[in-house]
Amino acid sequence: GDSAVIYGGALSLMGLTLIRGVLTFLSGRWTEVSSRNVARDLRDDLYSKLQSLSFSYHDQTETGDLLARAITDIDRVRFLTGRAFLRLVEVVTLVIGIAALMLSMHIPLALLTLATTPFLAIVAFRFGRRYRPLSLVINQQISTLTSRLEQNLRGARVIKAFAQEAAEIDRFDSDNTELLDLNLEAARTRAMNLPLMDGIASIGMVAILLYGGQLVIGQQLTIGALVAFTSYVSQLLAPIRRLCMIVAAIAQAVASGERVFEILDAESEVQDEPGAYNLERVEGYVRFERVSFGYAGRDHVLEHVSIDAHPGQVVALLGSTGSGKSTIVNLIPRFYDPSEGRITLDGHDIRKIRLRSLRVHIGVVLQDTTLFATSIRENIAFGRPDASEDEIIAAAKAAAAHEFIMGFPEQYQTRVGERGSSLSGGQRQRIAIARALLKDPKILILDDATSSVDTETEAVIQVALARLMQGRTSFVIAHRLSTVRRADLVLILEDGRIVARGERTAEHTAHEELLQKSALYAEVFQRQLRPDDNHTSKPSVVRKQPVYEH
């Protein structure tokens, strides 16, 4: 008969509703901020790790898989650290709070109502144990699909050139359908567990009505207490329904976390050794001491290679495909480490030099030039971001690139597109030469092949390359006779071994020495070296080229 209780209760409910709204806003905002920061930190750590891992890791890992881990997997981990964690705390808090209230009101009825809780926990645990490996397979399939898409976009020209659009669409559809089937299986698993958990939770309500109703009839429990019990159980039903989705999110996040931390925990085969030091001044004396090397899962591709390259010398490497030329130049900047022997720079074992300190003294210009989808200026200054405008222009002029750059409407601010796709092959290569010139390295590694450009552009690039090599210790994978003529040391490789070598002396060039003493060099000369425009030397034996008829 006390109406003040009604008004007081109504005001209390309004106040609690207001407090709940404020807390919901704050908790939602804070969990979102924290989870987004977790995702940012994870992506930063993952990117830093990928930058530090050696080439051997990237040789065995698909780019699409790494992209999927950096985006999809990290986003699933983010969801766990945000909303899923909040919902889990909510469920646990409600269960503990409501259990305490019910026990304070009527212990036997409360124990009967809460008897279903262990069964809910068992179902949730078994569901998570089944769902986690399924989530891992789904994540791997997403990686496969991402890899397929990335490779097709990168190879779009080849696909169109060979008229394989329909075949690639079918392959993508097959991978996509497999992902659909896995997701449907996951949905079926969730769909089976949700009503099961609902059913178990509803048993508590049935128990209250049966046993609690008898207690009310026997005047051992008031109607108000019975209504309170049913209200508390009703409050638990919605969170328990969400529990199924929370468990699924946790299972997905755990599977995704495994894939992310698999990268973060990876050890790079090439890294700074304890006690590694900086090398401030470099002369450019490179020495290979009985170096052997083999890629993962393969026999040695280099066998006991020894080379002495003195400062300022040009070392030309010749040999058939797979002979070990590229491997030699990849070992100098420590893209890989030798399995036997050692490489020294000015007498210092390069494994004792900090990687950054070693590579800052090495410039690389290869035939397959990689440019970034940014401005020409930024591409040239990539090795020296602090370079002045005058230095960048001077490097471009020395690389015979300034003239064509100035022909663009935006000149040095012209964006070159992905991998420099908006430029010709010769233009890309001259920008790469300018990039190396601006870095001003003491050691130069280059593949001077120019078969993909016209004769006029080739002549310009050759002049720029000659200018680039001046005063630098240069390792050149040679394809032209002019390079071999200019070389101070010529090495012929076969099956990972140096089978012939020639050195420049006061009496003869390395090329002339090899012609006189090496039948293998004469064969390589005939088969591989392209004559210069100015030196149309003809081989002693001309092999008849096959004629192909339609």
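Up top you'll find the structure we're talking about.
Residues numbered from 1 in each chain as written. Predicted model: local features only at pLDDT ≥ 70, side-chain atom pairs only at ≥ 80, totals over all residues. Heavy atoms only, no water.

Undergrad: What should I look at first to understand the sheet that holds strand 2 (residues 302-309) in this one?
TA: In any sheet, the strands associate via hydrogen bonds between backbone groups, in a parallel or an antiparallel arrangement. Taken in spatial order, the four strands make up an open sheet running 2-1-4-5, and their pairing is antiparallel. Two strands in the sheet have a free side with no partner beyond their single neighbour: strand 2 and strand 5 (348-349). For strand 1 (residues 286-293) and strand 4 (residues 340-345), the ladder comprises five bridges, and the chain directions are antiparallel. Across the sheet, Glu289 pairs through a bridge with Arg342, a residue of strand 4. (Pairing = 2+ DSSP bridges. Helix = DSSP H or I, 4+ residues; strand = E, 2+ residues; numbered from the N terminus.)

Undergrad: Could you clarify how one ought to interpret the packing of aromatic side chains in this entry?
TA: The description of an aromatic ring pair rests on the distance of the ring centres and on the angle between the ring planes. A complete count under the given rule lists four aromatic pairs for this structure. Arranged with centres 5.4 Å apart and planes meeting at 55 degrees, the rings of Phe293 and Tyr336 form a pair that is tilted. One end of the pair, Phe293, is in strand 1; the other, Tyr336, is in the loop between helix 9 (325-331) and strand 4, and 43 residues separate them in sequence. In this structure, Phe293 and Tyr336 share a single accessibility class: buried. For the ring pair Phe404 and Phe408, a centre distance of 6.1 Å and an interplane angle of 80 degrees mean the geometry is edge-to-face. (Phe/Tyr/Trp six-rings, centres within 6.5 Å; stacked < 30°, edge-to-face > 60°. Buried < 20%, exposed > 50% of the residue type's maximum accessible area, 1.4 Å probe, protein only.)

Undergrad: Explain the sheet that holds strand 8 (residues 473-477) here, please?
TA: The strand order across the open sheet built from six strands is 6-7-8-3-9-10, with neighbouring strands paired in mixed fashion. The open sheet has two edge strands with one neighbour each: strand 6 (362-365) and strand 10 (497-503). Neighbouring strand axes in the sheet, compared pairwise and without regard to direction, differ in orientation by 15 degrees on average. Of the strand pairs in this sheet, strand 9 (residues 489-494) and strand 10 are connected by six bridges, and their pairing is antiparallel. When the sheet's bridge partners are listed, Ile492 is paired in strand 10 with Ala500. Each of strand 9 and strand 10 touches helix 17 (residues 510-517); the most contacted strand, strand 10, lies at about 120 degrees to it. (Axes fitted to C-alpha atoms, helices over the stretch in contact; angles between N-to-C directions. Contact = heavy atoms within 4.5 Å.)

Undergrad: Please clarify how the layout of surface pockets should be interpreted in this entry.
TA: To find leftover empty space, a probe the size of one water molecule is rolled over the atoms. One number sums up the size of the second largest pocket: a volume of about 760 Å³. As for the second largest pocket, its lining consists of 24 residues, of which Arg20, Thr24, Ser27, Glu90 and Leu94 are closest to the centre. Residue assignment for the lining of the second largest pocket shows that the elements contributing at least two residues are helix 1 (3-52), helix 3 (63-105) and helix 8 (223-264). By residue number, the principal contributor to the lining of the second largest pocket is helix 1, which donates 11 residues. (1 Å grid on protein atoms, 1.4 Å probe; cavity = no way out; pocket = protein on both sides within 12 Å on 5 of 7 lines; lining within 4 Å. Points joined across faces, edges and corners; volume = space filled by probe spheres on them.)

Undergrad: Would you take a moment to explain the environment of Leu366 for this structure?
TA: Here Leu366 lies in the loop between strand 6 and helix 11 (376-380). For the pair Leu366 and Ala432, spaced 66 residues apart in sequence, the C-alpha to C-alpha distance is 8.3 Å. Sequence-distant contacts of Leu366, that is, excluding residues within four places in its chain, are made with Gln429, Leu446 and Asp447.

Undergrad: So what exactly am I meant to see when it comes to unusual backbone geometry here?
TA: What you tend to see is this: most non-glycine residues have negative phi, and most peptide bonds are trans. One non-glycine residue with positive phi stands out, namely Arg334, at about 60 degrees. Inspection of the secondary structure puts Arg334 in the loop between helix 9 and strand 4. One non-glycine residue, Gln411, adopts positive backbone phi at about 50 degrees. Relative to the elements of secondary structure, Gln411 occurs in the loop between helix 13 (402-406) and helix 14 (425-439). Taking relative accessible area as the criterion, Gln411 reaches 32% and is therefore assigned partly exposed.

Undergrad: What should I look at first to understand the packing of helix 5 (residues 117-154) against helix 7 (residues 165-217) in this one?
TA: Two numbers describe how helix 5 lies on helix 7: the axes approach to 10 Å, and their chain directions differ by 165 degrees. When the interaxial angle is binned, helix 5 and helix 7 end up roughly antiparallel. Regarding helix 5 and helix 7, the two cross each other, and that crossing is left-handed. (Parallel < 35°, antiparallel > 145°, perpendicular 65-115°, else oblique. Left-handed = near helix turned anticlockwise from the far one by under 90°.)

Undergrad: What am I meant to see in the pattern of salt bridges here?
TA: A side chain of one charge can pair with a side chain of the opposite charge if their charged atoms are brought near each other. Taken as a whole and assessed by the stated rule, the structure comprises 22 salt bridges. A salt bridge links Asp337 to Arg334; its shortest N-O distance comes to 2.8 Å. Side by side, Asp337 and Arg334 carry an identical accessibility label, which is buried. Linked by salt bridges that have partners in common, Asp65, Arg69, Asp73, Arg259 and Glu262 make up one network. (Salt bridge = Lys/Arg side-chain N within 4 Å of Asp/Glu carboxyl O.)

Undergrad: Whenever I open this one, the nonpolar core confuses me. Can you help?
TA: The tendency in soluble globular proteins is for nonpolar side chains to be buried side by side. Of all hydrophobic cores here, the largest spans 46 residues; its most connected members are Leu318, Ile380, Ile433 and Val490. It is helix 14 that provides the largest number of residues to this core, a total of seven residues. In this structure, Val490 is in contact with Ala316, Leu318, Val484, Ala500, Arg501, Gly502, Ala510, Leu514 and Tyr521, ignoring residues within four places of it in sequence. (Core = buried A, V, L, I, M, F, W, Y, C linked by side-chain atoms within 4.5 Å.)

Undergrad: I'm lost on the side chain of Thr116 in this one. Help?
TA: Mapped onto the elements, Thr116 comes out in the loop between helix 4 (107-114) and helix 5. With relative accessibility at 11%, the residue Thr116 sits in the buried group. In this structure the side chain of Thr116 is engaged in a polar contact, spanning 3.4 Å, whose partner is the backbone oxygen of Thr113. Sequence-distant contacts of Thr116, that is, excluding residues within four places in its chain, are made with Ile200, Ile203 and Gly204. (Polar contact = N/O pair within 3.5 Å; in protein donor to acceptor, adjacent residues only side chain to side chain.)

Undergrad: Even after reading the chapter, I still don't get the pairing of strand 8, so can you show me in this structure?
TA: Every regular strand shows the same layout, with side chains that alternate between the two sheet faces. Taking burial as the measure, the five residues of strand 8 include five buried ones, the bulk of the element. Burial along strand 8 is two-sided: the residues Thr473, Phe475 and Ile477 and Ser474 and Val476 are all buried. Sheet analysis places strand 3 (residues 314-319) next to strand 8, joined by four bridges and oriented parallel. Bridged to Val315 within strand 8 is Phe475.

Undergrad: Which parts of the structure should I look at to understand the side chain of Asn152?
TA: Along the chain, Asn152 falls in helix 5. Exposure remark for Asn152: the relative accessible area of 17% places this residue in the buried category. Other than its neighbours up to four places away in sequence, Asn152 contacts Ile159 and Glu168.

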